[in-house]
Amino acid sequence: MSVYDKLKELGITLPAVATPAAAYVPFVQTGNLVFLSGHIAKKNGTPWVGQFGKDISTEEGKAAARAVAIDLMGTLHAAVGDLNKVKRIVKLMSLVNSTGSFTEQHLVTNGASELIGQVFGDKGAHARSAFGVAQIPMGACVEIELIAEIAEIA
């Protein structure tokens, strides 16, 4: 099944690439690797604000991380032109806006990891880091970046 068939089956429409909010580009390709800049969680088009351990639950965080994964896939599509060219999702790095006592960053990040696995199958099995941080730009609850390998260009 193609990546796009799987997205359609899941009812997911990929968004356009968001305009960067600061001095960076949304993605960079070097060789067969594509590095996506961090994407913050958005809800209804605005930053999904909250801090885990204070005013947002782990389950809501999983939904936020899933939303970030959809945005990341939209950017990856723009970067490579065809998600079926993805040979492997190499790594996700997740920053989770947390209090010092919150310890479920890995569970929040599962929202993104699980969707990437559903969409890309075995190609979506990736290395990952999930960090608790004191704050994320615009007060967002989650920010995730992604590294992907694409098939060699003929």
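The preceding data block contains the structure.
A brief structural summary. (Residues numbered from 1 in each chain as written. Predicted model: local features only at pLDDT ≥ 70, side-chain atom pairs only at ≥ 80, totals over all residues. Heavy atoms only, no water.)

In this section: the pattern of salt bridges. The full count for this structure, using the stated rule, is 4 salt bridges. Where K6 meets E9, a salt bridge forms, and the shortest distance between an N and an O atom there is 2.9 Å. Here K6 and its partner E9 are both found in helix α1 (residues 3–9), 3 residues apart, which amounts to about one turn of the helix. Close ionic contact of E60 with K43 constitutes a salt bridge, the shortest N to O distance being 3.5 Å. Of the two residues, E60 is situated in helix α2 (residues 58–80) and K43 in strand β3 (residues 42–43); the sequence distance between them amounts to 17 residues. (Salt bridge = Lys/Arg side-chain N within 4 Å of Asp/Glu carboxyl O. Helix = DSSP H or I, 4+ residues; strand = E, 2+ residues; numbered from the N terminus.)

With that settled, consider the packing of α2 against helix α3 (residues 105–120). The contact between α2 and α3 brings their axes to 6 Å, and the two run at 45°. As far as their axial angle goes, α3 and α2 are oblique. Relative to α3, α2 is oriented so that their crossing is right-handed. Along the contact surface, α2 presents T58, G61, K62, A65, R66, A69, I70, M73 and L76, while α3 presents L107, V108, T109, N110, G111, A112, E114, L115, I116, V119 and F120. Residues that form the contact of α2 with α3 fall into these classes: 12 nonpolar, 5 polar and 3 charged. (Axes fitted to C-alpha atoms, helices over the stretch in contact; angles between N-to-C directions. Parallel < 35°, antiparallel > 145°, perpendicular 65-115°, else oblique. Left-handed = near helix turned anticlockwise from the far one by under 90°. Contact = heavy atoms within 4.5 Å. Nonpolar A, V, L, I, M, F, W, Y, C, P; charged D, E, K, R; others polar.)

Here L83 shows up in the loop between α2 and β5 (86–97). Among the residues examined, L83 registers a relative accessible area of 0% and is labelled buried. The spacing of L83 and V68 is 15 residues in sequence and 17 Å in space, taken between C-alpha atoms. (Buried < 20%, exposed > 50% of the residue type's maximum accessible area, 1.4 Å probe, protein only.)

Okay, the layout of surface pockets next. Its boundaries defined by the atoms lining it, the largest pocket holds a volume of some 490 Å³. Lining the largest pocket are 24 residues, and of these A21, Y24, G38, H39 and I40 lie nearest its centre. Contributing elements (two or more residues each) for the lining of the largest pocket: β2 (33–40), α2, β5 and β7 (142–150). Take the lining of the largest pocket: its biggest share by element is 4 residues, from β2. (1 Å grid on protein atoms, 1.4 Å probe; cavity = no way out; pocket = protein on both sides within 12 Å on 5 of 7 lines; lining within 4 Å. Points joined across faces, edges and corners; volume = space filled by probe spheres on them.)

This part covers the sheet that holds strand β6 (residues 127–133). Taken in spatial order, the 5 strands make up an open sheet running β1-β2-β7-β5-β6, and their pairing is mixed. Lying at the two open borders of the sheet, with one neighbouring strand each, are β1 (27–30) and β6. Along the sheet, successive strands turn relative to each other by an average axial angle of 15°, direction set aside. In this sheet, β6 lies alongside β5 in parallel orientation, the contact comprising 7 bridges. For S94, the partnering residue across the bridge sits in β6 and is A130. Running at roughly 140° to β2, α2 makes contact with β1, β2, β5 and β7 of the sheet. (Pairing = 2+ DSSP bridges.)

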